[in-house]
Amino acid sequence: MKRALLLSGSLGAGHEMHARACVASLAERGWATDTVDAMALLGQTGGSAGEAVFRAMLATPGLYDAFHFAALRPGSRLALLADAAARRQLVPRLRDYLDAHPADLAISVFATASSAVSVLADRYPAMSHVVLCSDVTPHRLWVQRNVDLYLVTSQAAVAAVHRYQPTARIQIIPQPVRPGFYDPPPQGKARADLGLPEGDHVALIMSGAWGLGPLAEAAAALADAGVQVLAVAGRNAKLESRLRAAAARRPRLHVFGYTEEIPALMSAADLVITSSGDTCAEARTVGRPMLLLDVVQGHGRDNLQHELEFGDADVVSPRSRDVVRSALAAMERPPPGARWTRSAADWEKAFSAALEAIGLGGP
């Protein structure tokens, strides 16, 4: 039995979702898989410190923009030093893991993991290494030596990888999404299951697992404007508490914490209000237009512009009055046409081609 190691990173849920999509596809092909969180391999101190730094940068206006565009994008000395510091903690623990659990394939869906696997490549010459990045412009730390294949989701990302490694082997794949988004319940059933009245506008508002931005204020304002609001707090307990306090006085505001029912919530909605990220591919797969909150700095700015180019999306500041005005206008427009990803077969075909490209196709 072939074995694969998926290396994720617990900064938000996007990396985890990519790993889960790969695990499901590999399992269908008879592979045994393990998923390891690179942040956890940094140790409790290192992982917690890394997340705290990242959260602090996102919370400070302009700080992560500066680090991303001035350090990560060009691969400055500061970025390379940060990568080396994380690698010093990660590589010994990853080496011990791979010594105990040999793998035929490592798939890095987190930049720090890509760096660590690259360093260890000579120790495991029989192990192939694939890097999967859904950002429209992968930054310097995603691109490492000893990578057999890069999986990206756009031609722009191909050019971004070639910026750092002109001879890199790259394949464009559909954006991976969880299986439930390919076959969501019909809108009528989804609304009936949620107890939503017929005829009302319904908006789903969420902003990743961290619940970035002033979602509680925007959700409350939308409910006050007559919209049935499905508000998802993700893993942000403080946001969930604020939403539930607002919902106590607003029957149109329906609050969820971290939930696996996003396909049904999207199906029930007329509009998905979210930040740039993997939720966008999910909304397009279900066939819902989007209103994008400009709240994610750095790579989020690039991804937002890319989503706008695709169409069926608008952008808005997170101020509640702006969200209400733009959301009401968006829900009066005709619904979008065909789904962005029509079936799981699109992803499976591309994933099979990737395995074939590195000699790991077939039984």
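Residues numbered from 1 in each chain as written. Predicted model: local features only at pLDDT ≥ 70, side-chain atom pairs only at ≥ 80, totals over all residues. Heavy atoms only, no water.

Asker: Sorry, what's going on with the sheet that holds strand β12 (residues 313–316) here?
Answerer: Sheet strands pair via backbone hydrogen bonds, and the direction of the pair is either parallel or antiparallel. Strands sit in the order β9-β8-β7-β10-β11-β12 across an open sheet of 6 strands; the sheet is parallel. At either end of the open sheet lies a strand with only one pairing partner, and these are β9 (253–256) and β12. Ignoring strand direction, the axes of neighbouring strands in this sheet form an average angle of 20°. Its contacts with the sheet put helix α9 (residues 215–224) on β7 (202–205), β8 (228–232), β9, β10 (271–275) and β11 (290–293), and the angle it makes with β8 is roughly 165°. (Pairing = 2+ DSSP bridges. Helix = DSSP H or I, 4+ residues; strand = E, 2+ residues; numbered from the N terminus. Axes fitted to C-alpha atoms, helices over the stretch in contact; angles between N-to-C directions. Contact = heavy atoms within 4.5 Å.)

Asker: Just checking my understanding: could you explain the side chain of Ser 207 for this structure?
Answerer: Along the chain, Ser 207 falls in the loop between β7 and α9. A residue is classified by how much of its surface remains accessible, and Ser 207, at 2% relative accessible area, is buried. Separated by 3.1 Å, the side chains of Ser 207 and Ser 275 make a polar contact. (Buried < 20%, exposed > 50% of the residue type's maximum accessible area, 1.4 Å probe, protein only. Polar contact = N/O pair within 3.5 Å; in protein donor to acceptor, adjacent residues only side chain to side chain.)

Asker: Help me out: how do you make sense of the sheet that holds strand β4 (residues 128–132) in this one?
Answerer: Pairing is parallel across the open sheet formed by 6 strands, whose spatial order is β2-β1-β3-β4-β5-β6. Taken across any chain shown, the strands that pair with only one partner, and hence form the sheet edges, are β2 (32–37) and β6 (170–172). Averaged over neighbouring strand pairs, the angle between their axes works out to 20° when direction is ignored. Looking at chain direction, β4 and strand β5 (residues 149–152) are connected through 3 bridges and run parallel. When the sheet's bridge partners are listed, Val 131 is paired in β5 with Tyr 150. Contacts between helix α5 (residues 77–100) and the sheet are confined to β1 (3–8) and β2, with β1 contributing the most and set at about 160° to the helix.

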